[in-house]
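Each chain, written out:
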Amino acid sequence: MSKIVSLSKRRGFIFQSSEIYGGVEALWDYGPLGSLLKNNIKKEWLERFVQLRDDVVLIDGAIIMNPNVWKASGHLEHFADPLVECKDCHSRYRADHMADGRFIGEGKAKEKNQCPQCGGKNFTSSKQFNLMFKTFLGPIEDETHQAYLRPETAQSMFTNFKQVQESMRLKIPFGIAQIGRSFRNEITTGNFTFRSREFDLAEIEYFVKPGEDEKIFEQWVNEWEKFIVGLGIKKENLRRYEHKKEALSHYSKRTIDIEYKFPFGWSELTGIANRTNYDLSQHSKFSGKELAYFDEETKEKYIPFVIEPSLGIDRLLLALLVDAYQEVKGGRTETTESTKEEEVVLRLNKKIAPIKVAVLPLVKNKEEITKKAKEVYQLLKPNFICQYDEVGSIGRRYRRQDEIGTPFAITIDFETLEKDDVTIRDKDTMKQERVKIKDLINILKEKLENV
Ligand code: GAP
């Protein structure tokens with residue numbers, strides 16, 4: 001994991017938030033490459049679940065909602081983790097994490113129920129700690145003006161159920177999708193971005209007729225897994241975990257997590273829940289507005305059940321980095337320079353790679369070559385996210401691109417000046433082919449689409 005953290009910082013994927021002030025725990029900033037990667041993941045998600053489907057529409061809800069939403073949804077009452085405090089050093093931990101031995105080997109913790117900070121074993125009894133961040137609406141900071149930063153995007157899809165269904169004339173089954181920021185005041189942090197206090201959630205609330213829910217639940221588990229595998233995560237690093245009945249969230253009848261084999265162990269990557277008609281019934285009760293659906297054909301009226309696949313984009317991005325990261329001892333090429341070193345190759349899927357094409361003049365000190373390389377760079381820029389690099393030996397520059405997962409590197413050499421062609425180097429195979437500059441855009445487009 002430390003290698004992923006170091007690569008992320010060194011190459012501009014992820015930085016600790018407010019680092020110059022010593023950082024803030026569990027808050028992260030995405031750098032130039034991380035932002036591009038994150039956007040590409042979101043784009044893929046939108047394409048697959050909104051653009052390519054006829055039955056899912058997108059919304060973009062507000063982060064702060066009417067506080068009654070959280071009463072109705074049960075989050076004020078139930079969205080809490082058990083908290084214990086070390087009586088010796090006053091550090092606070094999640095009681096379940098303390099009891100399951102998660103801290104063993106961390107700091108001074110050698111066994112279960114031992115404080116990593118001071119080694120003490122003296123804890124307060126556990127108290128429920130609500131994970132929602134609080135704020136105030138308007139200038140008066142009292143309880144009547146208290147509001148919350150949403151811990152999930154789901155609720156605005158429930159509160160807008162009727163408006164979306166009517167305005168878009170949707171028939172059940174249909175889904176509402178949303179990607180947006182969510183906030184949780186997590187007690188146990190660590191493991192880089194895995195458990196952040198602010199993160200992007202991509203969720204779908206899929207409304208179905210009661211009775212159809214169990215079958216459609218299975219379909220969404222498969223769809224969700226296919227999407228993750230399609231982005232390049234190796235199947236052998238994924239497994240399913242079915243939540244035990246007694247451990248289900250307050251709204252769920254059935255939940256399956258898809259877990260990923262992170263360097264710190266198998267952990268939840270994403271989850272699919274059968275939320276029944278819990279949320280719509282609760283909002284109907286608390287708002288006094290009817291949220292039932294009327295089926296014009298069968299003349300039936302019912303409160304739909306909801307199947308909810310929910311995916312943390314940041315957690316998926318972390319898994320994608322881990323899965324793509326490969327170290328090659330002694331390097332991949334036979335040249336003397338690289339055989340001495342360890343090479344890092346980020347085997348990211350081309351679809352999500354932050355930089356698609358690197359443009360590299362063979363040498364830096366020949367003006368005809370650098371001029372031509374800059375022309376090629378300008379030609380490609382409107383079509384692909386490109387990077388121009390002329391610093392260091394060509395081998396070193398290839399390796400810099402390999403390390404950030406750039407699928408193609410274009411090299412401009414002396415032959416280019418005579419024949420108006422360049423080489424395309426494929427990151428994964430390291431094979432090079434010569435192509436005419438006039439064909440370059442189409443060839444690259446084809447290669448990038450052909451994943
Ligand atoms: N609406 C359902 C829901 O919020 P959840 O299991 O609490 O369910 C859904 O969260 C997903 O959000 C998780 O599977 C995970 O991918 C992501 N997630 C949850 N908490 C997170 C955190 N603190 N940091 C990053 N991602 C998180």
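Refer to the structure printed above.
Structural notes, computed from the coordinates.

Calculation notes
- Residues numbered from 1 in each chain as written.
- Predicted model: local features only at pLDDT ≥ 70, side-chain atom pairs only at ≥ 80, totals over all residues.
- Heavy atoms only, no water.
- 1 Å grid on protein atoms, 1.4 Å probe; cavity = no way out; pocket = protein on both sides within 12 Å on 5 of 7 lines; lining within 4 Å.
- Points joined across faces, edges and corners; volume = space filled by probe spheres on them.
- Helix = DSSP H or I, 4+ residues; strand = E, 2+ residues; numbered from the N terminus.
- Pairing = 2+ DSSP bridges.
- Axes fitted to C-alpha atoms, helices over the stretch in contact; angles between N-to-C directions.
- Contact = heavy atoms within 4.5 Å.
- Parallel < 35°, antiparallel > 145°, perpendicular 65-115°, else oblique.
- Left-handed = near helix turned anticlockwise from the far one by under 90°.
- Disulfide = S-S within 2.5 Å.
- Buried < 20%, exposed > 50% of the residue type's maximum accessible area, 1.4 Å probe, protein only.
- Near = heavy atom within 4 Å.
- Polar contact = N/O pair within 3.5 Å; in protein donor to acceptor, adjacent residues only side chain to side chain.
- Areas by Shrake-Rupley, 256 points an atom, 1.4 Å probe, with all protein chains shown as cover.
- Nonpolar A, V, L, I, M, F, W, Y, C, P; charged D, E, K, R; others polar.
- Salt bridge = Lys/Arg side-chain N within 4 Å of Asp/Glu carboxyl O.

Some remarks on the layout of surface pockets
Over the atoms rolls a probe the size of a water molecule, and in doing so it shows where empty space is left. Of the volumes computed, that of the second largest pocket is approximately 470 Å³. Together, 17 residues line the second largest pocket, and Lys-43, Glu-44, Lys-351, Lys-356 and Leu-448 are the ones closest to its centre. Of all the secondary-structure elements, those providing two or more residues to the lining of the second largest pocket are helix H2 (32-51) and helix H15 (440-449). When residues of the lining of the second largest pocket are assigned to their parent elements, the largest contribution, six residues, is made by H2.

Comments concerning the sheet that holds strand S20 (residues 386-388)
The strand order S20-S19-S21-S22-S23 describes an open sheet built from five strands, whose pairing is mixed. For this open sheet the edge positions go to S20 and strand S23 (432-436), each flanked by a neighbour on one side alone. On average, each strand axis in the sheet is inclined to that of its neighbour by 25 degrees, with strand direction left out of account. Alignment of strand S21 (residues 408-412) against strand S22 (residues 421-426), held across four bridges, turns out to be antiparallel. Paired with Ile-410 across the bridge in S22 is Ile-424. Of the strands in this sheet, strand S19 (357-361), S20 and S21 touch helix H12 (residues 367-380), which is tilted by about 165 degrees from S19.

Examining the packing of H2 against helix H8 (residues 213-230)
Between H2 and H8, the least distance of the axes is 11 Å, while the angle of their chain directions is 140 degrees. As the angle between them shows, H2 and H8 are arranged oblique. Relative to H8, H2 is oriented so that their crossing is right-handed. Contacts between H2 and H8 involve Ile-41, Glu-44, Trp-45, Arg-48 and Phe-49 on the former and, on the latter, Trp-220, Glu-223, Trp-224, Lys-226 and Phe-227.

Brief notes about the state of the cysteines
Within the structure shown, the criterion is met by zero disulfides. The thiol sulfur of Cys-89 is not disulfide-bonded, and the nearest other cysteine sulfur, from Cys-115, lies at 3.7 Å.

So, the side chain of Thr-193
Secondary-structure assignment places Thr-193 in the loop between strand S9 (174-183) and strand S10 (198-208). A relative accessible area of 2% places Thr-193 in the buried class. Setting aside residues no more than four positions away along its own chain, Thr-193 makes contact with Ile-14, Trp-28, Tyr-30, Asp-314 and Leu-318.

Concerning the site of the ligand
What surrounds the ligand is a group of 19 residues, the closest being Glu-152, Ser-196, Glu-203, Glu-268 and Leu-269. Within the side chain of Glu-152, an N or O atom sits 2.6 Å from a nitrogen atom of the ligand. Glu-186 is positioned with one of its side-chain polar atoms (N or O) 2.8 Å from a nitrogen atom of the ligand. Expressed as a share of its isolated accessible area of 560 Å², the protein-covered part of the ligand is 90%. Every element with two or more residues in the shell around the ligand is listed here: S10, strand S13 (265-276) and strand S16 (305-312). Ranked by the residues each element gives to the shell around the ligand, the list is headed by S13, at five residues. The class makeup of the residues in the shell around the ligand is five nonpolar, five polar and nine charged.

Some points on the pattern of salt bridges
Summed over all chains, the structure comprises 46 salt bridges. Across the pair Glu-198 and Arg-181 runs a salt bridge, and its minimum N-O distance is 2.7 Å. With Glu-198 in strand S10 and Arg-181 in strand S9, this residue pair connects regions lying 17 residues apart in the sequence. Accessibility expressed as a relative area gives 33% for Arg-181, which makes it partly exposed. The partner of Arg-239 in a salt bridge is Glu-259, with the nearest N and O atoms 2.7 Å apart. Residue Arg-239 is located in strand S11 (residues 238-242), and its partner Glu-259 is located in strand S12 (residues 254-262); the two are separated by 20 residues in the primary sequence. Under the relative-accessibility criterion, Arg-239 is labelled partly exposed at 39%. Given the relative accessible area of 9%, Glu-259 is considered buried. Connected through salt bridges with shared partners, the residues Lys-38, Lys-42, Arg-181, Glu-198, Asp-200 and Asp-314 form a single ionic network.

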